Amino acid sequence: MISRARALDLSLVGLISVCWGLNWPAVKIILTQIQPWTLRSLGFAVGAAVLFAYARSRGESLAVPRGQRWPPSPC
């Protein structure tokens, strides 16, 4: 018998597969209405907004630590 966690894992893999498979025809249809660079820009903006919202909901900062902001000098 499959454990409950294993069944959830398998169902999530199936859901991701279906969503990924539907992505291709959706993009094909959308590209008849929107220019490719506009679609990419919208995707980037939505992805960034989701990332910032997720980090904020968890109370995490996306700021780069001061010591890692600039590459070390070649000297």
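Residues numbered from 1 in each chain as written. Predicted model: local features only at pLDDT ≥ 70, side-chain atom pairs only at ≥ 80, totals over all residues. Heavy atoms only, no water.

### Describing helix α1 (residues 4-30)
Quick note on the threshold: We count a stretch as a helix when DSSP gives it H or I for four or more residues in a row; a strand needs E for two or more, and each element gets its number in order from the N terminus. Given a helix with a known number of residues, its expected span is that number minus one, times 1.5 Å. To obtain the bend at a residue, axes are fitted to the seven residues ending there and to the seven starting there, and the angle between these axes is taken.
If you check α1, its first and last C-alpha atoms are 38 Å apart, about what 27 residues at 1.5 Å a residue would give, namely 39 Å. The largest bend in α1 comes to about 25°, at N23, with the proline P25 one to four residues further on.

### A word on the environment of A26
Relative to the helices and strands, A26 is located in helix α1. Measuring from C-alpha to C-alpha, the distance between A26 and W37 comes to 16 Å, with 11 residues separating the pair along the chain.

### Considering the pattern of salt bridges
Selection criterion: A pairing counts as a salt bridge when a side-chain nitrogen of Lys or Arg comes within 4 Å of a carboxyl oxygen of Asp or Glu. Here the term buried applies to any residue with accessible area under 20% of the maximum for its type, exposed to any over 50%, and partly exposed to those in between, with areas from a 1.4 Å probe on protein chains only.
One pass over the structure, following the stated rule, counts one salt bridge. The partner of R58 in a salt bridge is E60, with the nearest N and O atoms 2.9 Å apart. What makes E60 partly exposed here is its relative accessible area of 44%.

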